[in-house]
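Summary of the model geometry
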Amino acid sequence: MVLPDPALVVLMGASGSGKSTWAAQHYRAEEVVSSDALRGVVGSGAHDLDASADAFALLEVIVTARLGRRLTTVVDTLGLDAGRRRRWLSEARAAGLSAVVVHLDTPDDVCRRRNAERNRPVPARALAEQLRRVRRVAVEVEGEGWDLVVAVTAAEPAAGESGMPGVSGMPEAPEAPGAPEVTRPGTDRTASTGVEVMLQVSRFPWGEDPVAWLRGVALAADEAGFAGLALMDHLIQIPQVGRAWDPIPDPWVTLGAVAALDTRLRLGTLCTPVTFRPPGIIAKAASTLSALTGGRAFVGIGAGWWEREHAGFGLPFPPARERLDDLERAIRVMRALWAPGTKAYAGPGLSLPETTCYPRPASPIPVIVGGGGERRTLRIAAEHGDACNLTSSNPAVLRHKVAVLRQHCADVGRDPGAVAVTVLDLAVVGGDRDDVWRRV
């Protein structure tokens, strides 16, 4: 089972269904916010029902604080309160986090037996009501807009086995019966300088075995600690990099090959011009890549700039103003298609009769707006993007561009901290020019 990370994970199930055991199996103790544990903090113990109101008040504060910091937060309660679920879902959306419900679908007789074995069992009448509500709520959550709803079953253990819950319909790991591995793709790869470094592959001297060359580059980047790998989206190799007849592969096809490798790299384009593909097709490619990588996809998107490749492939190359209009519209289309549900969408100059785009992204897909145009491009990034991508080696120019971006954020009423700043540049490593060339 692959769960997005970081994410909001809400556990749902009756008393005795195995929620706390499942959470302890798959998450660090610091990531789990448990109403029972908080009763022990503000009351006389985990089953002190008189302390419930204070415990849940404290739980809400902790959940809000963790989501605000975009930290994985596993909420271990019954999960049956629709109002609380909607509030947590809204806070996760505001933080840009994926939102998951894990339903502990444990047989009623197992819940009753486990409950009876406790020192402080839940009254039988109360447990019966929980079991009835769980069945009803399991239907409700499917329509609430969660990114993922996972059903987990708890089989009765054989002698000597742990009896840990497994995922419905998934094969069980032989070394731990009934306990599938949860892949955690969100490993922090922040460098000592406080930034993440991604590798943009722009040249492809792959000789007779393109796949082997590509595999070698991706695995080396992962081993070296790069946070991700990005590919340019050009139809002809650009003169800044190589010759027109040098190979420049389609990035989305190529990223599909990289997705099959065992890496922790985030994968995406830097950047896809809106002039090449309709935005719905970009959204479809990105959501597929997200599904294949467990949520490690991103989309760099821009207005396009090189007229020659458009002419050579029979594509229109509209004036800059029109391309920028298309860029803004493309981001709205992509976000509408990635949103939960299949409802119609209507926005300024845009109407979609439905938003049926499956597979859904495994987690929210960051949109990086490429370009440093101060009047339109940076405003589009401020209003619609998760990040901007600037291209300058001059610190003074970069500081000016960032100031313009932040002013646009203020103008559209958005927190500047919500729009990351990324910089595309060449890293030169070596003691002198000859040393650098030897390394290259």
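Coordinates for the structure precede this section.
In this report, the structure presented in the accompanying data block is examined. Residue positions are given per chain, counting from 1 as you read along its sequence in written order. In keeping with the predicted nature of the model, local features appear solely for residues at pLDDT of at least 70, side-chain atom pairs appear and are counted solely at 80 or more, and the whole-chain, interface and lining totals rest on all residues. Water and hydrogen atoms were dropped before computing side-chain values, which therefore reflect all heavy atoms in the structure.

1. Notes on the overall build of the protein chain
Only DSSP runs of H or I with at least four residues qualify as helices, and only runs of E with at least two residues qualify as strands; both kinds are numbered from the N terminus onward. The secondary structure content of the protein chain amounts to 14 helices and 15 strands. C-alpha atoms of the protein chain, sized along the principal axes, occupy 75 × 45 × 40 Å. Working definition: with a 1.4 Å probe on protein chains only, accessible area under 20% of the residue-type maximum means buried, over 50% means exposed, and in between means partly exposed. Each of the 440 residues in the protein chain was classed as buried or not, and the buried ones make up 45%. Across the protein chain, the fraction of contacts at a sequence separation of at least 24, relative to all contacts at a separation of at least 6, is 70%. Per-residue and other accessible areas were derived by the Shrake-Rupley procedure at a 1.4 Å probe size, with only the shown protein chains allowed to occlude residues. Taken as a whole, the protein chain presents about 22200 Å² of accessible surface, with 55% of it coming from carbon and sulfur. Mean positive and mean negative side-chain charge positions of the protein chain (49 and 51 charges, respectively) differ by 4 Å. Residues count as neighbours in contact if any of their non-hydrogen atoms are within 4.5 Å of one another. For the charge count, each Lys or Arg is scored as positive and each Asp or Glu as negative, with His and the chain ends excluded. Charge positions are represented by NZ for Lys, CZ for Arg, CG for Asp and CD for Glu.

2. A word on the sheet that holds strand β8 (residues 228-231)
Spatial ordering of the open sheet is given by β7-β8-β9-β10-β13-β14-β15, a layout of 7 strands whose pairing is parallel. Across the chains shown, the open sheet's two edge strands, defined by having one partner strand only, are β7 (198-201) and β15 (420-423). Averaged over all pairs of adjacent strands, the angle between strand axes in this sheet comes to 25°, irrespective of strand direction. When strand β14 (residues 387-390) meets β15, the two strands line up parallel, connected through 4 bridges. Counterpart to Ala387 in the pairing with β15 is Ala420. Lines fitted to C-alpha atoms define the axes here, with helix axes fitted over just the stretch in contact, and angles between the N-to-C directions of these axes take values from 0 to 180 degrees. Against the sheet, helix α8 (residues 251-259) engages β8, β9 (266-273) and β10 (297-302), with an angle of about 175° to β9. Packing against the sheet, helix α13 (residues 395-412) makes contact with β14 and β15, and its axis sits at approximately 155° to β14. At least two bridges found by DSSP between two strands are what make those strands a pair.

3. Section: helix α11 (residues 320-338)
To estimate the expected span of a helix, subtract one from its residue number and multiply by 1.5 Å. A rise of 1.5 Å per residue sets the reference length of α11, with its 19 residues, at 27 Å; its end C-alpha atoms lie 27 Å apart and thus fit the reference within 8%. Taken residue by residue, α11 has Arg323, Leu324, Leu327, Glu328, Ala330, Ile331, Arg332, Val333, Met334, Ala336, Leu337 and Trp338 as its buried positions. As for α11, its buried residues are in contact with α9 (279-293), β10, β11 (345-347), β12 (350-352), β13 (367-370) and α12 (377-384).

4. So, the pattern of salt bridges
Note on definitions: salt bridges are taken to be side-chain nitrogens of Lys or Arg within 4 Å of carboxyl oxygens of Asp or Glu. All told, the structure shown has 24 salt bridges when counted by the stated rule. Each of Glu60, Asp81, Arg84 and Arg87 takes part in a single network of salt bridges with overlapping partners.

5. Concerning the packing of aromatic side chains
Here a pair means two rings of Phe, Tyr or Trp (six-membered ring of Trp) with centres within 6.5 Å. Their orientation is stacked below 30 degrees between planes, edge-to-face above 60, and tilted elsewhere. Tallied over the full model, the rule gives 5 aromatic pairs. Here the aromatic rings of Trp22 and Tyr27 are separated by 6.1 Å at their centres, their planes lie at 50°, and the arrangement is tilted. Given the relative accessible area of 6%, Tyr27 is considered buried. Ring pairs connect the aromatic residues Phe204, Trp206 and Trp213, which therefore count as one cluster. Put simply, a charge is over a ring when the Lys NZ or the Arg CZ is close to the ring centre, within 6 Å, and near the line of the ring normal, within 35 degrees. Over the ring of Tyr358 we find Arg360, and its NZ or CZ is 4.7 Å from the ring centre.

6. Details of the environment of Arg118
Structurally, Arg118 is set in the loop between α5 (108-116) and α6 (124-140). Residue classification places Arg118 among the partly exposed positions, given a relative accessible area of 33%. Expressed as a C-alpha distance, the spacing of Arg118 and Gly16, which sit 102 residues apart in the sequence, is 9.1 Å. Excluding its chain neighbours within four sequence positions, the residues that come into contact with Arg118 are Ser15 and Gly16.

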